[in-house]
Amino acid sequence: MDDKNIIDLFFERSENAIKELEGKYGRLIMSLSRNILNNPSDAEECVNDTYLGVWNSIPPERPDSLTAYVCRIARNLSLKKYQYNTAAKRNSHMDTALEELENTLADSGNVEQEVIQAELAREIERFMDSLKQTDRVVFMRRYYFADSYEAIAEITGISAKNVSVKLARVRGRLKEYLKDRGLM
């Protein structure tokens, strides 16, 4: 079933909407949540919360991309659960991915935080548009989906070492790109 038909089922408030969503995106949502949380039971909870979140938000929302919409909800829920779980401890898998970006992105802890964050998001999107497809996939799989180097290597068909090198180079280029625009 295509995304438009699934969205129509949500608008009809049909219980089949959840079944169709699960059939089409269940594995993706679970993979995303497991990569962030590194805990199967917490990931399952976030997957179920994602279905509920989609149910509660469609209608009135009518997303252009159901994939992006569902992934955003799943990722946000997983990150909230991750923050809750690791408030006083460390989860090396996700922390490692986030720390890799830490020195690249500007810290904006002042009054202008929201404006700077919005501008930063726009510039990162522009930067991502300038990347070759492989670099963009590697970057997104690591920093949005929290995939391991090995998982990215399997998806892209390049070695894990090459993934590591590509990520280091893209982070360096991103840092320079942001410096050139006065965001660092």
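About the thresholds
Residues numbered from 1 in each chain as written. Predicted model: local features only at pLDDT ≥ 70, side-chain atom pairs only at ≥ 80, totals over all residues. Heavy atoms only, no water. Helix = DSSP H or I, 4+ residues; strand = E, 2+ residues; numbered from the N terminus. Buried < 20%, exposed > 50% of the residue type's maximum accessible area, 1.4 Å probe, protein only. Contact = heavy atoms within 4.5 Å. Areas by Shrake-Rupley, 256 points an atom, 1.4 Å probe, with all protein chains shown as cover. Salt bridge = Lys/Arg side-chain N within 4 Å of Asp/Glu carboxyl O. Core = buried A, V, L, I, M, F, W, Y, C linked by side-chain atoms within 4.5 Å.

Caption draft 1: Geometry of the overall build of the chain. The number of helices and strands found in the chain is nine helices and zero strands. Here the chain holds 184 residues, and 39% of them are scored as buried. Partitioning the contacts of the chain with sequence separation of at least 6, the portion at a separation of at least 24 is 62%. Total accessible area computed for the chain in this model is approximately 10800 Å², and 47% of it derives from carbon and sulfur atoms.

Caption draft 2: Looking closely at the pattern of salt bridges. If you walk through the whole model with that rule in mind, you get eleven salt bridges. Residues aspartate 8 and arginine 62 are paired through a salt bridge, measuring 3.2 Å at the closest nitrogen-oxygen approach. You can see aspartate 8 sitting in helix 1 (residues 3-11) and its partner arginine 62 sitting in the loop between helix 3 (40-57) and helix 4 (66-85), a full 54 residues away along the chain. Assessed through its relative accessible area of 21%, aspartate 8 is described here as partly exposed. A relative accessible area of 46% means that arginine 62 is categorised as partly exposed. With a closest N to O distance of 3.7 Å, glutamate 45 and lysine 81 form a salt bridge. Of this pair, glutamate 45 sits in helix 3 while lysine 81 sits in helix 4, and the two are 36 residues apart along the sequence. Overall, the relative accessible area of 18% leaves lysine 81 in the buried class.

Caption draft 3: Main features of unusual backbone geometry. Here the amide bond leading from isoleucine 58 into proline 59 is cis, since omega sits at -15°, within 30 degrees of zero. By secondary structure assignment, the location of proline 59 is in the loop between helix 3 and helix 4. A cis amide bond links proline 59 with the next residue in sequence, proline 60, at an omega value of 10°. In this structure, proline 60 sits in the loop between helix 3 and helix 4. Backbone geometry at asparagine 38 places phi at a positive 55°, although glycine is not the residue there. Relative to the elements of secondary structure, asparagine 38 occurs in the loop between helix 2 (16-37) and helix 3. Assessed through its relative accessible area of 54%, asparagine 38 is described here as exposed. Backbone geometry places alanine 146, a non-glycine residue, at a positive phi of 60°. Its location among the elements puts alanine 146 in the loop between helix 7 (133-143) and helix 8 (149-156).

Caption draft 4: How the structure looks around the nonpolar core. Ranked by internal contacts, the top residues of the largest apolar core, which has 28 residues, are Phe10, Leu21, Ile29, Ile36, Val54, Ile58 and Leu66. Mapped onto this core, the elements with two or more residues apiece are helix 1, helix 2, helix 3 and helix 4. Ignoring any residue separated from it by four or fewer positions in sequence, one finds isoleucine 58 in contact with Ile7, Phe10, Phe11, Arg13, Pro63, Leu66 and Tyr69. Grouped together as the second largest cluster of nonpolar side chains are 16 residues, Leu131, Phe139, Val163 and Leu178 included.

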